[in-house]
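# Coordinate inspection notes
The chain contents come next:
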Amino acid sequence: MLQFNAVVLITTNICNLKCRHCYPASGPSRSEAFTYGSNKTMTAQQAEHYIKQIPELKNINQRIHFSGGESTLFAQEFRALVALGKKYGLRVSVTTNCSWAKDQEKADNFIEDLARRGLTRIEISLSVFHQEFLDINYPIRAIRACKKHGLEIILRPIVTKTASIAKTLQAIPPKDLEGTTIAVSKCMPMGRAKSEIPPDEFVYPEIHYGGCQKILNLTIRQDGSVYPCCAGSDITNALRLGNADRESLRDIIARAELDPLLVALTEQGPRYLAELLRETGGKDFLKEKHVNICHLCNDLFIDDEIAKQVRTALADRVGKGLKNFTLVSLPAHSII
């Protein structure tokens, strides 16, 4: 059975920043034709349709997480979304660039209101790329406001070879860092980062090419499209599981659990699929360097034609495997 750590709602692609590292290539224009997703914003009515299903789904941790774009840009709508999480008994969190923390009073008032409505955790995106638009005082004010009102704080620095954790956090007073959790992410050459960050800036460590079943988050975009994670599958066509505007989350998950491709991807990992692709004469992605398994997964599925080849290679392997089994028909209650 697939297990999900949370349901992630990508409420908008619109962001007031246009950071060079951004893999979904979010930006400020309401009329922009976004590469991934659309300029549509998720409505409270739409979100409630998804959220009210979560308490009945036992393979999803009871947490809703809002992401974008920058979800907080539409402040009135965002307040309503947070309240929906509380209404259905869910823990509520958000990823934000903290552009709302223009001064300490505004930050305190904003967080106080969201905490009252049900927000329990804030995840702050931090990087030298964000700081090209917003100085470090924005997240500092946000951290102080969250501490004042008892919210859990996750700092999410994005690192490259020269943009180290130390460089990203150096201007934050140590006292403000106390009590926070720092969750480091390596910048991946996906989306805008692939064209706007020099190739030699990416960090390519020795990585474990296992499955990703422990880090899945059921992700729903503002058009209702559903994906198994929010780390790259959500900008592909091939890994779309269905549309939550047209069918229930229960049905979408049940179908996904029977999909050999998703089973292989989550349990055995993208390396296994890359090996199958290579064995059938397809592109050899294992010759290339990868930041992590999410990067390799995106390489396999961002191109529709290559993704089709991966699925075909897996189907051939599964078909050959079935030839090794003998099917017999037995009377009811028989044992072998």
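The preceding data block contains the structure.
Residues numbered from 1 in each chain as written. Predicted model: local features only at pLDDT ≥ 70, side-chain atom pairs only at ≥ 80, totals over all residues. Heavy atoms only, no water.

## Some points on the side chain of serine 225
As a reminder of what qualifies: A run of DSSP states H or I qualifies as a helix once it reaches four residues; a run of E qualifies as a strand once it reaches two. Both are numbered from the N-terminal end. A simple rule labels every residue: compare its accessible area, found with a 1.4 Å probe on the protein chains alone, to the largest value its type can have, and call it buried under 20%, exposed over 50%, or partly exposed in between. The contact criterion used throughout is that any non-hydrogen atoms of two residues lie within 4.5 Å.
Among the structural elements, serine 225 can be located in strand β9 (residues 225-227). The class of serine 225 is buried, set by a relative accessible area of 4%. If we ignore the near neighbours within four places in the chain, the residues touching serine 225 are Thr219, Ile220, Arg240, Gly242 and Asn243.

## Some points on the side chain of serine 26
Along the chain, serine 26 turns up in the loop between β1 (7-10) and α1 (44-51). With a relative accessible area of 3%, serine 26 lands in the buried category.

## Here's the deal with the packing of α1 against helix α2 (residues 75-87)
Threshold: To obtain an axis, a line is fitted to C-alpha atoms, over the contacting stretch when the element is a helix, and the angle between two such axes runs from 0 to 180 degrees between their N-to-C directions. Each angle gets one of four labels, with under 35 degrees taken as roughly parallel, over 145 as roughly antiparallel, 65 to 115 as roughly perpendicular, and the rest as oblique. In this scheme, a crossing is called left-handed if the near helix is turned counterclockwise away from the far one by less than a right angle; it is called right-handed if the turn is clockwise. Polar here means any residue other than Ala, Val, Leu, Ile, Met, Phe, Trp, Tyr, Cys and Pro, which are nonpolar, and Asp, Glu, Lys and Arg, which are charged; Gly is therefore polar.
At a closest axis distance of 10 Å, the pairing of α1 and α2 adopts a crossing angle of 25°. Overall, the two elements α1 and α2 adopt an arrangement that is roughly parallel. Here α1 and α2 pass one another in a crossing that is right-handed. For the pair formed by α1 and α2, the contact residues are Ala44, Ala47, Glu48 and Ile51 on the first element and Ala80, Leu81, Leu84 and Lys87 on the second. When its residues are assigned to classes, the contact of α1 with α2 shows 6 nonpolar, no polar and 2 charged.

## Re the pattern of salt bridges
In plain terms, the rule: Salt bridges are counted wherever a side-chain nitrogen of Lys or Arg sits within 4 Å of a carboxyl oxygen of Asp or Glu.
Inspection of every chain in the model, using the stated rule, returns 18 salt bridges. The shortest N-O distance in the salt bridge between arginine 121 and glutamate 123 comes to 2.8 Å. Close ionic contact of arginine 271 with glutamate 275 constitutes a salt bridge, the shortest N to O distance being 3.2 Å. With a gap of 4 residues between them, arginine 271 and glutamate 275 both fall in helix α10 (residues 270-279), about one helical turn apart.

## Focus on helix α9 (residues 260-267)
To be explicit about the condition: Counted as a polar contact is a pair of N or O atoms within 3.5 Å, where, for protein atoms, one must be capable of donating a hydrogen and the other of accepting one, and residues adjacent in sequence contribute only when both atoms are in side chains.
By the burial criterion, the buried members of α9 are Leu261, Leu262, Ala264, Leu265 and Thr266. The opening residue of α9 is aspartate 259, an N-cap whose side-chain oxygen sits 3.0 Å from the backbone nitrogen of leucine 261. Positive phi appears at glycine 269, one or two residues downstream of α9, with a value of about 100°.

## Some thoughts on the packing of aromatic side chains
For clarity, the cut-off: Pairing of aromatic side chains here covers Phe, Tyr and the six-membered ring of Trp, requires ring centres within 6.5 Å, and sorts the geometry by plane angle: under 30 degrees stacked, over 60 edge-to-face, intermediate tilted. Ring-over charges, as used throughout, are those where CZ of Arg or NZ of Lys falls within 6 Å of the ring centre and within 35 degrees of the ring normal.
One pass over the structure, following the stated rule, counts 2 aromatic pairs. An angle of 80° between the planes, with centres 5.7 Å apart, marks the rings of phenylalanine 66 and phenylalanine 78 as edge-to-face. Here phenylalanine 78 lies in helix α2 and phenylalanine 66 lies in strand β2 (residues 63-67), a separation of 12 residues in the sequence. Here phenylalanine 66 and phenylalanine 78 have matching classes, each one buried. Taking the centre distance of 4.9 Å and the plane angle of 35° together, the rings of tryptophan 100 and phenylalanine 110 count as tilted. One end of the pair, tryptophan 100, is in the loop between β3 (91-96) and α3 (104-117); the other, phenylalanine 110, is in helix α3, with 10 residues separating them in the sequence. Note on accessibility: tryptophan 100 and phenylalanine 110 belong to one class, buried. Note that arginine 141 overlies the ring of tyrosine 138, its terminal NZ or CZ placed 4.9 Å from the centroid. Positioned over the ring face of tyrosine 209 is arginine 271, at 5.0 Å from the centre of the ring.

## Considerations on helix α11 (residues 293-301)
In terms of burial, α11 is largely enclosed, as 9 of its 9 residues are buried. Three or more residues of α11 are buried, namely Ile293, Cys294, His295, Leu296, Cys297, Asn298, Asp299, Leu300 and Phe301. For α11, the N-terminal capping position is held by asparagine 292, with its side-chain oxygen 3.2 Å away from the main-chain nitrogen of cysteine 294.

## Here we look at a nonpolar patch on the surface
Which entries qualify depends on this criterion: Two distance rules govern patches: like charges are joined within 9 Å, and nonpolar side chains (Val, Leu, Ile, Met, Phe, Trp, Tyr) within 5 Å, applied only to residues with over 30% relative accessible area and no salt bridge. Where accessible areas are quoted, they stem from the Shrake-Rupley method and a 1.4 Å probe; at the residue level, only the protein chains shown are allowed to cover.
On the surface, Ile165, Ile182 and Val184 cluster together into a nonpolar patch covering about 220 Å² of accessible area. Given a relative accessible area of 39%, isoleucine 182 falls into the partly exposed group.

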